[in-house]
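Given next are the chains, with one letter for each unit.
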Amino acid sequence: MGQRGNGLSQSLTSSPARAEDTIKIQGAEQDSLFGESNTAAPEADKTVSTKLAGLVARARKEARLTNAVQYVDEALLRLAFGSLRKQAAPGADGQSYEDYAASLDQNLKDLYVRLKSGRYQAPVIRRVYIPKANGQRRPLGITTIEDRVVQKAVAWVLSAVFEQEFLDSSHGFRPTRSPHTALHRLREGIRQHRVRYVVEADLADYFGSVNWTWLRKFVKHRVNDGGLLCLLNKWLKAGVMENGVVIVGEDGVPQGGPVSPVLSNVYLHFVLDLWFERRFRQTCRGYAELTRFADDYCAPRRLKEGSM
């Protein structure tokens, strides 16, 4: 990409040959972390897949789509609402799943009218913290039930388009992929190529460091849709409320919203996955392969004899 423009800080650790032990430990940690259901991945739901089949077919033929937001209709919004967790915490407006469901038909009809006319306004994100395995705390952004419905529908649309682009190295929050498929790829690469060491990396404060300008460019690369890009801008500029104070940043996406995992994969597809495959891998003498799950990744390497 030439310029990354994201200010991500990386913590790298190289580990020698006991890669199998590292895989088992990391697998246990990731199963625990990503089993918490704090974020919502775009499921491979049959009803949703059928509804978006036309969009998938278009995405395979067209280099850039211009009217993808038309697929976010009242029917898709209803499916999105049905996919939400009923026990999900309310957003800044205090409205629960049951409250919204009490007048679901009217709520969805009104929501669709506001979306279609461009009058929909993204709400402020309520920030909470959950404990991490290392003793630190992970910030999560909790939006309203209605906004989760919109984010989920848009996440399905973006996923339908960008699934045609994502590389095999990406395993986080994708249909039919999981920490287990990532670990299988990593384990097989180590076994087949007799890897000498594995570089493991975690992108520190990734969600808080995403550069808005580049994110918009990456989404627009495949989806040049004014309505969808307008929604994206509204979410980015909605602001985060913590202890009653609203803060509007200039970078980052709130971790916890249904659309965040897809945007994360879109961003890292261009910034990391393609860079590794098309630039870095070409400079390696010997085997090198990237395996990424969200903002964590491993790169096993085996140098050729006599190389450094």
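Residues numbered from 1 in each chain as written. Predicted model: local features only at pLDDT ≥ 70, side-chain atom pairs only at ≥ 80, totals over all residues. Heavy atoms only, no water.

A look at the pattern of salt bridges
Next, step 1: Throughout the structure, instances matching the rule amount to 13 salt bridges.
Next, step 2: Notably, a salt bridge pairs Arg127 with Glu242, separated by 3.6 Å at the nearest N-O pair. Here Arg127, found in strand β2 (residues 125–131), pairs with Glu242, found in strand β5 (residues 240–242); they are 115 residues apart in sequence, far enough to count as distant.
Next, step 3: Of the charged contacts in the structure, one is a salt bridge between Arg292 and Asp273, with a shortest N-O distance of 2.8 Å. With Arg292 in strand β8 (residues 291–293) and Asp273 in helix α12 (residues 260–280), the pair connects residues that are 19 residues apart, well separated along the chain.
Next, step 4: Asp273 gets classed as buried once you look at its relative accessible area, which sits at 1%.
Next, step 5: Look at the salt bridges and you will find they share partners, linking Asp110, Arg114 and Glu146 into a network. (Salt bridge = Lys/Arg side-chain N within 4 Å of Asp/Glu carboxyl O. Helix = DSSP H or I, 4+ residues; strand = E, 2+ residues; numbered from the N terminus. Buried < 20%, exposed > 50% of the residue type's maximum accessible area, 1.4 Å probe, protein only.)

Describing the packing of aromatic side chains
Next, step 1: Applying the stated criterion across every chain, the model contains 11 aromatic pairs.
Next, step 2: Ring geometry for Phe218 against Tyr267: centres 5.5 Å apart, planes inclined by 65°, an arrangement best described as edge-to-face. Taken together, the positions of Phe218 in helix α10 (residues 212–222) and Tyr267 in helix α12 put the pair 49 residues apart, joining distant regions of the chain. When sorted by exposure, Phe218 lands in the same class as Tyr267, which is buried.
Next, step 3: Clustering of aromatic rings is evident, with ring pairs tying together Tyr206, Phe207, Trp214, Phe218, Tyr267 and Phe270. (Phe/Tyr/Trp six-rings, centres within 6.5 Å; stacked < 30°, edge-to-face > 60°.)

A look at the side chain of Arg292
Next, step 1: Owing to a relative accessible area of 0%, Arg292 belongs among the buried residues under this scheme.
Next, step 2: Side-chain polar atoms of Arg292 contact the side chain of Asn265, separated by 3.1 Å.
Next, step 3: Aside from chain neighbours lying at most four places away, what touches Arg292 is Ser169, Ser170, His171, Gly172, Asn265, Leu268, His269, Leu272, Asp273 and Tyr297. (Polar contact = N/O pair within 3.5 Å; in protein donor to acceptor, adjacent residues only side chain to side chain. Contact = heavy atoms within 4.5 Å.)

Quick notes on the nonpolar core
Next, step 1: One finds Leu158 and Val219 to be the most contacted residues of the largest nonpolar core, which totals 70 residues.
Next, step 2: With 12 residues, helix α7 (residues 145–162) is the largest single contributor of residues to this core.
Next, step 3: The residues touching Leu158, leaving out its near neighbours within four places in the chain, are Val219, Val223, Leu228, Val259, Val262 and Leu263.
Next, step 4: Listed in part, the six residues of the second largest apolar core include Ile190, Val195, Tyr287 and Cys298. (Core = buried A, V, L, I, M, F, W, Y, C linked by side-chain atoms within 4.5 Å.)

Some remarks on helix α4 (residues 74–83)
Next, step 1: Every buried residue of α4 is accounted for by Leu76, Leu77, Ala80 and Phe81. Looking straight down α4, one finds its buried side chains confined to an arc of 145°; they lie on one side.
Next, step 2: The elements touched by buried residues of α4 are α2 (46–51), α5 (97–102), α6 (104–117) and α7. (Arc of directions from axis to C-beta.)

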